[in-house]
Amino acid sequence: MSTPPSPSPSAVAGDTALIVIDIQESFRRQPSWQQISRPDIVARTNRLIVNARALGDRVVWVLHSEPGSGGPFDPAGGLVALQPGLQPEAGDLSVTKTSHNAFTTTNLGQQLTAAGVTKLRLAGIRTEQCVETTARLASDLGYRVEVVLDATATHPLPRHDGTGIIGADEVVARTAAALAGRFATITSIEAVLGTTDRPGFDRSVAAAG
């Protein structure tokens, strides 16, 4: 009996998962999308997805749902779907959450454990909300966590006391400051693409994405 060929490095899942959080039509189809900090979030995230697939890392799709709410996150409205340009493939993982973080109301932890994942790389919407809460909980659960800051997006926020607006760039900067060294490593798309050193990885393929 012949021995099956060994899979290439790009076909072997590693211990890292790229978690793509809430890049969904619920946001894009609202007027507030005009104020999103990174309207090119799909293109930015796709660079990370190409990189993850080249490495054999898992890609995890997270969507946010609010059943019965009647709003843009109510699945009955048809907007709880990935934005155009994002394409799941066989072997990807997916969850639909009803909490801010991606763990509490899903079986994400069980899926990651079954896949042998111990490190999470986060991208998505919104930086200070669902991305941040996922990073915090993941850290407390024992995962090594990276937040790819320029592959996250958010909106300006009103100050709690009604005295003005915090710009989106400041929201992102404050979130990074709160997470760094406590709950996550803050990184960038270029840093992720430029520090890959696994055998057999073709960096030019990922960079072209």
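See above for the structure.
Scope of this entry: the structure provided in the associated data block. Treat the numbers as computed from the prediction; the structure is a model and nothing was measured. (Residues numbered from 1 in each chain as written. Predicted model: local features only at pLDDT ≥ 70, side-chain atom pairs only at ≥ 80, totals over all residues. Heavy atoms only, no water.)

### Topic: the nonpolar core
Generally speaking, soluble globular proteins have nonpolar side chains that are buried together.
(1) Moving on: Within the largest apolar cluster, 27 residues are counted, with the highest numbers of intra-cluster contacts made by I19, V60, L112, L120, L122 and V147.
(2) Moving on: When residues in this core are grouped by element, the largest group, four residues, is from helix α4 (residues 127-140). (Core = buried A, V, L, I, M, F, W, Y, C linked by side-chain atoms within 4.5 Å. Buried < 20%, exposed > 50% of the residue type's maximum accessible area, 1.4 Å probe, protein only. Helix = DSSP H or I, 4+ residues; strand = E, 2+ residues; numbered from the N terminus.)

### Structural notes on the environment of V117
(1) Moving on: As for its position among the elements, V117 is in the loop between α3 (108-114) and β4 (119-125).
(2) Moving on: For the pair V117 and G14, spaced 103 residues apart in sequence, the C-alpha separation works out to 7.2 Å.
(3) Moving on: Discounting residues that sit within four places of it in the chain, V117 has contacts with D15, T16, A17, R58, L112 and Y143. (Contact = heavy atoms within 4.5 Å.)

### Some thoughts on helix α2 (residues 41-55)
(1) Moving on: Its 15 residues place the ends of α2 21 Å apart at the C-alpha level, agreeing with the 21 Å of an ideal helix rising 1.5 Å per residue.
(2) Moving on: Listed in full, the buried residues belonging to α2 are I41, V42, T45, N46, L48, I49, N51, A52, A54 and L55.
(3) Moving on: Positive phi shows up at G56, right after α2, with a value of about 80°. (Expected span 1.5 Å × (residues − 1).)

### A word on the packing of α4 against helix α5 (residues 168-179)
Two quantities define a packed helix pair, namely the angle between the axes and the distance from one axis to the other.
(1) Moving on: At their nearest, the axes of α4 and α5 sit 10 Å apart, and the two run at 10° to each other. Judged on the interaxial angle alone, α5 and α4 are roughly parallel. Touching T127, E128, E132, A135 and R136 of α4 are V171, V172, T175, A178 and L179, all from α5.
(2) Moving on: Looking at the contact of α4 with α5, its residues break down into five nonpolar, two polar and three charged. (Axes fitted to C-alpha atoms, helices over the stretch in contact; angles between N-to-C directions. Parallel < 35°, antiparallel > 145°, perpendicular 65-115°, else oblique. Nonpolar A, V, L, I, M, F, W, Y, C, P; charged D, E, K, R; others polar.)

### Here's the deal with the pairing of strand β3 (residues 93-97)
Look at any regular strand and the pattern is simple: side chains alternate between the two faces of the sheet.
(1) Moving on: Alternating residues of β3 divide into L93, V95 and K97, all buried, and S94 and T96, none buried.
(2) Moving on: Of the strand pairs in this sheet, strand β2 (residues 58-64) and β3 are connected by five bridges, and their pairing is parallel. Directly across from V62, in β3, lies its bridge partner V95. (Pairing = 2+ DSSP bridges.)

### Thoughts on the sheet that holds strand β1 (residues 16-21)
(1) Moving on: Overall, parallel pairing links the six strands, which are arranged β3-β2-β1-β4-β5-β8 in an open sheet. Bordering the open sheet on either side are β3 and β8 (185-187), each of which pairs with just one other strand. Taken over all neighbouring pairs, the strand axes of this sheet differ in orientation by 25° on average, direction set aside.
(2) Moving on: In terms of strand pairing, β4 meets strand β5 (residues 144-153) through six bridges, oriented parallel. Within β5, the position partnered with L122 by the bridge is V147.

### Topic: the side chain of E128
(1) Moving on: In this fold, E128 is placed in helix α4.
(2) Moving on: Buried charge without a partner: E128 forms no salt bridge, and the closest opposite charge is R126, 4.9 Å away.
(3) Moving on: There is a polar contact of 2.6 Å between the side chain of E128 and the side chain of T154.
(4) Moving on: The contact partners of E128, leaving out residues within four places of it in the chain, are T154, L157, V171 and T175. (Lys, Arg positive; Asp, Glu negative; His and termini not counted. Salt bridge = Lys/Arg side-chain N within 4 Å of Asp/Glu carboxyl O. Polar contact = N/O pair within 3.5 Å; in protein donor to acceptor, adjacent residues only side chain to side chain.)

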